[in-house]
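Fold and geometry: a report
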Amino acid sequence: MSMNRMSQAILQALLMTVSLSVTTARAQDVKTQGVLPAESRADLEQAVERLQEALGLNVRSGLFSARAGEISASYLARQGLLLELSTPLGTRRGLINLDTVNASLQSLSNQLAQMNSPQLPAITAPDIEAMRETMALSLRRDQAAEYYRDMINKVAEVDLSAEIEQAMQAISARADALRGTDNPAAPELAAEAQRLRQQLQEQLLEQRAQLEALTAQLRQRSAESTVVPPQSLQEQWQQQLAALAAAMEPLRQAATTKANELNEQLEAWRQRRMEQWQQELQAFEARLFARVCEEPVLAALIPAQQHLTLVLPGLGEETAAGERRDRIHVLAAGDLQACASGQIDAQTLLSLATSYSD
């Protein structure tokens, strides 16, 4: 029985030697011709198919869905083999990109706000020229005109509606973004944010109505009066204006604080997901280099002084503008052959590779 096993082992070794010899001979043809012969192309396609299967790229999420990824192979004359690997890591990285998510959700939030939220009437800016023409009828009205212009401008300064509305839109956008994460607290946080937004909306409408009423009163008095209003009325308006300012500021603080809290939640989630993604990338590359070492066909097809180039689209460094570059590993033929023969391991091969983003 032991003799039979020994005979089988010797036979398998001989077959492997013959196979590698044939492939090496084809590699010489590659070096001479600059193209892959049909037989070498068949060997390469089989090796690529084995790589795809081993790396889990042939997996489908459904019967009619696309595969998880694929590997395209090509030979570059006098350079070597190039394998481009499309993986699910690129898609998952795109989902982590907070800037893209925020931009799209902000646009959607603005559209929904226009369709669903009550429209807040804008306070018309004081028409200074019209007021001047009206009040220029009598020099006695100049002092009154200046007073009313000043008061109307103060009302406009107290109106923080635009800033509060912007913060509320940010709350909606970030709440929607949180719902799309795997944070277990996301539904509760999003619901709480939505309730706060509704409360702020109601309070803001109430304060805006009072601002509108005060502005209308000032405009009417400025058109009818030729003198500065009595001190008692001035004090009444000043108190009303101070009350509106005191009511507006908490709304602004509440809206901006909640928007910042949600943004911190999203940033924390993004950091966790990015760390997890980096670990997934390292694990994938470890499996990739291990499988490359187990494919002697790849090493045998590459003539000396040429290379195996592995391209991982979208998995390289991310620029300040948010562009995700390709991650590229260039392996020398000699190092690849050393790994295939067992002289070095996959981790050493990875350390010997020239890796960069482009």
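Residues numbered from 1 in each chain as written. Predicted model: local features only at pLDDT ≥ 70, side-chain atom pairs only at ≥ 80, totals over all residues. Heavy atoms only, no water.

**Topic: the overall build of the chain**
When helices and strands are counted, the chain shows 12 helices and 5 strands. The proportion of buried residues among the 358 residues of the chain is 39%. Here the analysis covers contacts within the chain between residues at least 6 apart in sequence; of these, 71% occur between residues at least 24 apart. Of the roughly 20000 Å² of accessible surface on the chain, 51% is carried by carbon and sulfur atoms. (Helix = DSSP H or I, 4+ residues; strand = E, 2+ residues; numbered from the N terminus. Buried < 20%, exposed > 50% of the residue type's maximum accessible area, 1.4 Å probe, protein only. Contact = heavy atoms within 4.5 Å. Areas by Shrake-Rupley, 256 points an atom, 1.4 Å probe, with all protein chains shown as cover.)

**Quick look at the sheet that holds strand S3 (residues 307–312)**
With respect to topology, 5 strands assemble into an open sheet ordered S1-S2-S3-S4-S5, the strand pairing being mixed. If you trace the sheet from one side to the other, it starts and ends with strand S1 (70–76) and strand S5 (354–357), each paired once. Strand-to-strand twist in this sheet, taken as the mean axis angle between neighbours without regard to direction, amounts to 15°. By the bridge criterion, 5 bridges tie strand S2 (residues 80–86) to S3 in an arrangement that is parallel. Bridging across to S3, Leu 83 finds its partner in Leu 310. Strands S1 and S2 of the sheet are contacted by helix H2 (residues 38–54), whose axis makes an angle of about 150° with S1. Of the strands in this sheet, S2, S3 and strand S4 (327–332) are in contact with helix H9 (residues 231–293), which crosses S3 at around 150°. (Pairing = 2+ DSSP bridges. Axes fitted to C-alpha atoms, helices over the stretch in contact; angles between N-to-C directions.)

**Remarks on the confidence of the model for the chain**
Residues at a pLDDT of 70 or more form 76% of the chain, whose mean pLDDT is 78. Across residues 5–33 the pLDDT falls below 50, and counting only partners more than four positions away or on other chains, this stretch makes 24 contacts in the model. Note on residues 111–120: pLDDT is under 50 here. Beyond four places in sequence and across chains, it has 14 contacts. (pLDDT = per-residue confidence, 0-100.)

**Quick word on the packing of helix H7 (residues 161–179) against helix H8 (residues 186–224)**
Between H7 and H8, the least distance of the axes is 9 Å, while the angle of their chain directions is 165°. As far as their axial angle goes, H8 and H7 are roughly antiparallel. Crossing of H7 over H8 shows left-handed handedness. Across the interface between the two elements, Ser 161, Ile 164, Glu 165, Met 168, Gln 169, Ile 171, Ser 172, Ala 175, Leu 178 and Arg 179 of H7 pack against Ala 186, Leu 189, Ala 190, Ala 191, Ala 193, Gln 194, Arg 197, Leu 200, Gln 201, Leu 204 and Arg 208 of H8. Grouping the constituent residues of the contact of H7 with H8 by class yields 12 nonpolar, 5 polar and 4 charged. (Parallel < 35°, antiparallel > 145°, perpendicular 65-115°, else oblique. Left-handed = near helix turned anticlockwise from the far one by under 90°. Nonpolar A, V, L, I, M, F, W, Y, C, P; charged D, E, K, R; others polar.)

**Some thoughts on the side chain of Thr 87**
Looking at where Thr 87 falls in the secondary structure, it is placed in the loop between S2 and helix H3 (88–96). Overall, the relative accessible area of 11% leaves Thr 87 in the buried class. Not counting the four nearest positions on each side in its chain, Thr 87 is found in contact with Leu 57, Ala 68, Phe 284 and Leu 315.

**A closer look at the pattern of salt bridges**
Under the defined criterion, the tally for this structure stands at 12 salt bridges. Taking the shortest distance from any N to any O, the salt bridge between Lys 258 and Glu 261 comes out at 3.1 Å. Here the residue Lys 258 and the residue Glu 261 both occupy positions in helix H9, the gap between them amounting to 3 residues, near one helical turn. Taking the shortest distance from any N to any O, the salt bridge between Glu 294 and Arg 291 comes out at 2.7 Å. The exposure class assigned to Glu 294 is partly exposed, which follows from its relative accessible area of 48%. Residue Arg 291 is classed as partly exposed on the basis of its relative accessible area, which comes to 23%. Each of the salt bridges in this network shares a partner with another, and the network as a whole consists of Arg 50, Arg 291, Glu 294 and Glu 295. (Salt bridge = Lys/Arg side-chain N within 4 Å of Asp/Glu carboxyl O.)

**Brief notes about the state of the cysteines**
Per the stated rule, a full pass over the model turns up 1 disulfide. Each sulfur in the disulfide pair Cys 293 and Cys 339 lies 1.6 Å from the other. For the disulfide bridge between Cys 293 and Cys 339, the dihedral angle about the S-S bond is near 95°, and by the sign convention the bridge is right-handed. Residue Cys 293 is located in helix H9, and its partner Cys 339 is located in helix H11 (residues 333–340); the two are separated by 46 residues in the primary sequence. As far as the burial class goes, Cys 293 and Cys 339 line up, both buried. (Disulfide = S-S within 2.5 Å.)

**Overview of the nonpolar core**
Core analysis: the biggest nonpolar cluster contains 37 residues, and Leu 81, Leu 83, Leu 85, Leu 288, Leu 298, Leu 308 and Leu 336 have the highest contact counts within it. Residue assignment for this core shows that the elements contributing at least two residues are H2, S1, S2, H9, helix H10 (296–301), S3, H11 and helix H12 (346–352). The greatest single-element share of this core, amounting to 8 residues, is contributed by H9. When neighbours within four sequence positions are excluded, Leu 308 is seen to be in contact with Leu 81, Leu 83, Val 292, Leu 298, Ile 302, His 329, Val 330, Leu 331 and Leu 336. The next biggest cluster of nonpolar side chains, apart from the first, holds 24 residues, and it includes Tyr 147, Val 155, Val 158 and Trp 237. (Core = buried A, V, L, I, M, F, W, Y, C linked by side-chain atoms within 4.5 Å.)

**Topic: the pairing of S4**
Pairing geometry for S3 and S4, over 6 bridges, is antiparallel. From the neighbouring strand, Thr 309 faces S4, where its bridge partner is Val 330. Sheet topology places S4 next to S5; 4 bridges connect them, and they run antiparallel. In the strand pairing of S5, Val 330 is matched with Thr 354.

**What to know about the packing of aromatic side chains**
Under the criterion given, the structure shown has 3 aromatic pairs. An angle of 25° between the planes, with centres 6.4 Å apart, marks the rings of Tyr 147 and Trp 237 as stacked. Highlighted residues: Tyr 147 in helix H6 (residues 142–158) and Trp 237 in helix H9, separated in sequence by 90 residues. Considered together, Tyr 147 and Trp 237 belong to a single accessibility category, that of buried residues. Grouping aromatic residues by their ring pairs yields a cluster made of Tyr 147, Tyr 148 and Trp 237. (Phe/Tyr/Trp six-rings, centres within 6.5 Å; stacked < 30°, edge-to-face > 60°.)

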